[in-house]
Amino acid sequence: MVVIRWKFRCRGIYQQIKTYILWKISEAILTVRSLTYNEHMSQSYAIDFFLEPVFWFVDNFAKYLGKVFVFCVSVLTAAVVLIAYWVGVPYWWQRCPYTTVFLIIFGNWLLLNIVFHYFMGVITQPGYPPHGTMISEAASICKKCISPKPPRTHHCSVCDRCILAMDHHCPWLNNCVGYYNARHFFLYMVYMVAGVTFVIFAGMDIGYQVLWINDTGGIIPNNDPDLIGHPVRLNQTGALVPVKVIVEYDSINFPREHILPVPPITEAQRICAHPWKRKGVIFMATTCLSVFFALGVLCIMHGKNINRGETSVESHINASMRKTHKSFRNPYNFGRRKNWKLFLGLTQGRTFLRNVLFPSAHKPTGNGLTWHTIHNVLEDWP
């Protein structure tokens, strides 16, 4: 008798199938890579590829959207100011007239600086290298406009020209931020953050009364449903007895008199009862908080750049240089104190009180073509 035994190797078949599938996947990946091979491929190249539509949109439509953004900033600023006068001033006047006068003076000082620096940031040209002339100070040639490029000058793709000490192109100004208007741009942000902070603190109690308490003071009826039933009283046995006849007269048949003090209507209650004022408070809270966080972050970022004596473009370039060259030092970093004095233009006898705390159209020292560095700085500069 012959016995035949069959041995089925499950593990071997599974391993063969797995090897075949992995080989096919590797073959497909190799095919795709061979068809899309690029020796310049990297993570930065891939990011640039996916951001190319964004760059195209900015290059072609930023000029037109800039005017819309300027209009939006003007309308929002005007709306906040009007609501502050319409809602905030009557509220504070009822609380304390003297405090109201102080708030109006302080708020208008902030508003004056905001409007001035924003207007100057929009209309002031950032500074351009001379066109069609040879510049002895040129550090290189711009590859896009094929013209001499002085130090710290960069090409703006939106404006399609080189900008002296370019920081960035700001769509909210519809203008480049460069050598001649960088101070106006930064001070506008600082005063705007200070302004919305002032509005938030001055309107904090209004927001609490309107959005949290929401007491209309009886100006708007609560529309409570009518109560169903009869009043009751306790008899001597402790049982509840309905009161069907209510005595509205005293012993000599005179009507009862109920003289109760009527509380005065506060301005907060009037705001709660007014639907448009209530919406105005909500609009103010949303707008001011959004501007506070958005511009607050930008102020911190640009303040750090000013501390180091560099623009936003230079901060990225210098960060790369520090990674590759450990001994790299920014040649335009004169220390925090002098960097701020140069940026704010506090030279030639200008003071912080007159030229920073109040509107001033003074220009920075120099022409934006030549720059002092830490290697050739003059002792009396600035």
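Residues numbered from 1 in each chain as written. Predicted model: local features only at pLDDT ≥ 70, side-chain atom pairs only at ≥ 80, totals over all residues. Heavy atoms only, no water.

Engineer: Can you help me understand the overall build of the protein chain in this one?
Structural biologist: Across its full length, the protein chain carries 10 helices and 8 strands. The 382 residues of the protein chain split such that 30% are buried. Long-range contacts, defined as pairs at least 24 residues apart, comprise 64% of the intrachain contacts of the protein chain with a sequence gap of at least 6. For the protein chain, the accessible area works out to roughly 27,000 Å², and carbon and sulfur atoms hold 65% of it. (Helix = DSSP H or I, 4+ residues; strand = E, 2+ residues; numbered from the N terminus. Buried < 20%, exposed > 50% of the residue type's maximum accessible area, 1.4 Å probe, protein only. Contact = heavy atoms within 4.5 Å. Areas by Shrake-Rupley, 256 points an atom, 1.4 Å probe, with all protein chains shown as cover.)

Engineer: Explain the side chain of histidine 362 here, please?
Structural biologist: In this fold, histidine 362 is placed in the segment after helix H10 (352-355). Here serine 360 takes part through its side chain, which lies 2.6 Å from a polar atom of the side chain of histidine 362. (Polar contact = N/O pair within 3.5 Å; in protein donor to acceptor, adjacent residues only side chain to side chain.)

Engineer: Help me out: how do you make sense of helix H8 (residues 312-324) in this one?
Structural biologist: Given 3.6 residues to a turn, an α-helix orients residues that are three or four positions apart in the same direction. For H8, built from 13 residues, the straight-helix expectation of 18 Å at 1.5 Å per residue is met to within 8% by its first-to-last C-alpha distance of 19 Å. Regarding H8, the residues found buried are Ser312, Glu314, Ser315 and Asn318. Angular distribution of buried residues about the axis of H8 spans 135°; they occupy a single face of the element. Among the exposed residues of H8, those pointing more than 90 degrees away from its buried face are His316, Lys323 and Thr324. Tucked into the core, H8 has its buried residues touching strand E3 (154-156) and helix H7 (275-307). (Expected span 1.5 Å × (residues − 1). Arc of directions from axis to C-beta.)

Engineer: Just checking my understanding: could you explain the pattern of salt bridges for this structure?
Structural biologist: Close approach of charged atoms allows side chains of opposite charge to pair. For the structure shown, the criterion picks out 7 salt bridges. Note that arginine 95 and aspartate 205 form a salt bridge whose closest N and O atoms lie 3.4 Å from each other. Of this pair, arginine 95 sits in helix H2 (residues 43-95) while aspartate 205 sits in helix H5 (residues 204-213); the two residues are 110 residues apart in sequence, bridging distant segments of the chain. According to the relative accessible area criterion, aspartate 205 is partly exposed, its value standing at 27%. The residue arginine 322 makes a salt bridge to glutamate 310 at a minimum N-O spacing of 3.7 Å. Remark: glutamate 310 occurs in the loop between H7 and H8 and arginine 322 occurs in helix H8; sequence separation between them is 12 residues. Owing to a relative accessible area of 34%, arginine 322 belongs among the partly exposed residues under this scheme. Taken together, the salt bridges that share partners define one network made up of Glu267, Arg270 and Lys277. (Salt bridge = Lys/Arg side-chain N within 4 Å of Asp/Glu carboxyl O.)

Engineer: Help me out: how do you make sense of unusual backbone geometry in this one?
Structural biologist: In terms of backbone geometry, most residues other than glycine have negative phi values and most peptide bonds are trans. We note that asparagine 174 has phi near 55°; this positive angle belongs to a residue other than glycine. Within the element layout of this structure, asparagine 174 appears in the loop between strand E5 (168-170) and strand E6 (175-177).

Engineer: Is there a simple way to explain the packing of aromatic side chains in this structure?
Structural biologist: Within a pair of aromatic rings, the relevant descriptors are the distance that separates the centres and the angle that separates the planes. Inspection of the entire model under this criterion finds 14 aromatic pairs. Aromatic side chains tyrosine 118 and tyrosine 188 sit 4.9 Å apart centroid to centroid with 45° between the ring planes, which places their arrangement in the tilted category. Highlighted residues: tyrosine 118 in helix H3 (residues 97-123) and tyrosine 188 in helix H4 (residues 182-202), separated in sequence by 70 residues. According to the relative accessible area criterion, tyrosine 188 is buried, its value standing at 10%. Here the aromatic cluster, defined as three or more aromatic residues joined through ring pairs, consists of Phe102, Phe106, Trp109, Tyr191 and Phe198. The ring of tryptophan 371 carries the charged tip of arginine 152 above its face, separated from the ring centre by 4.5 Å. In this structure, lysine 279 is placed above the aromatic ring of tryptophan 276, and the distance from its NZ or CZ to the ring centre is 4.5 Å. (Phe/Tyr/Trp six-rings, centres within 6.5 Å; stacked < 30°, edge-to-face > 60°. Lys NZ or Arg CZ within 6 Å of the ring centre and 35° of its normal.)

Engineer: Looking at this structure, I do not really get the side chain of asparagine 330. What am I missing?
Structural biologist: Its location among the elements puts asparagine 330 in the loop between H8 and helix H9 (336-344). Of note is the side chain of asparagine 330, whose polar atom sits 2.9 Å from the backbone oxygen of arginine 308. Dropping the residues within four chain positions of it, asparagine 330 is found in contact with Arg308, Gly309, Glu310, Asn318 and Ile374.

Engineer: Could you clarify how one ought to interpret the environment of alanine 285 in this entry?
Structural biologist: Relative to the assigned elements, alanine 285 resides in helix H7. Under the relative-accessibility criterion, alanine 285 is labelled partly exposed at 31%. As a C-alpha pair, alanine 285 and valine 196 span 89 residues in sequence and 9.6 Å in three-dimensional space.

Engineer: What exactly am I supposed to notice about the nonpolar core here?
Structural biologist: Grouped burial of nonpolar side chains is what soluble globular proteins tend to show. Tyr188, Met189, Ile206 and Ile271 are the most contacted members of the largest nonpolar core, which totals 41 residues. Going through the elements one at a time, H2, H3, H4, H5, helix H6 (267-273) and H7 are the ones with two or more residues in this core. Among the elements that make up this core, the one with the highest residue count is H4 (13 residues). Excluding its chain neighbours within four sequence positions, the residues that come into contact with tyrosine 188 are Val73, Ile114, His117 and Tyr118. (Core = buried A, V, L, I, M, F, W, Y, C linked by side-chain atoms within 4.5 Å.)

Engineer: Even after reading the chapter, I still don't get a nonpolar patch on the surface, so can you show me in this structure?
Structural biologist: Taken together, the side chains of Ile13, Ile17, Tyr20, Ile21, Leu22, Trp23, Ile25 and Ile29 present a nonpolar region at the surface, about 790 Å² in accessible area. Tracing the chain through its elements places isoleucine 21 in helix H1 (residues 10-35). We classify isoleucine 21 as partly exposed; its relative accessible area is 44%. (Patch = residues over 30% accessible without salt bridge, like charges linked within 9 Å, V, L, I, M, F, W, Y side chains within 5 Å.)

Engineer: I would appreciate a short explanation of the environment of threonine 365 in the present structure.
Structural biologist: The residue threonine 365 is located in the segment after H10 in this model. Considered as a pair, threonine 365 and threonine 347 are 18 residues apart in the sequence and their alpha carbons are 7.4 Å apart. Not counting residues up to four positions away in its chain, the partners in contact with threonine 365 are Tyr179, Thr347, Gln348 and Arg350. A polar contact of 2.6 Å, which involves the side chain of threonine 365, links it to the side chain of threonine 347.

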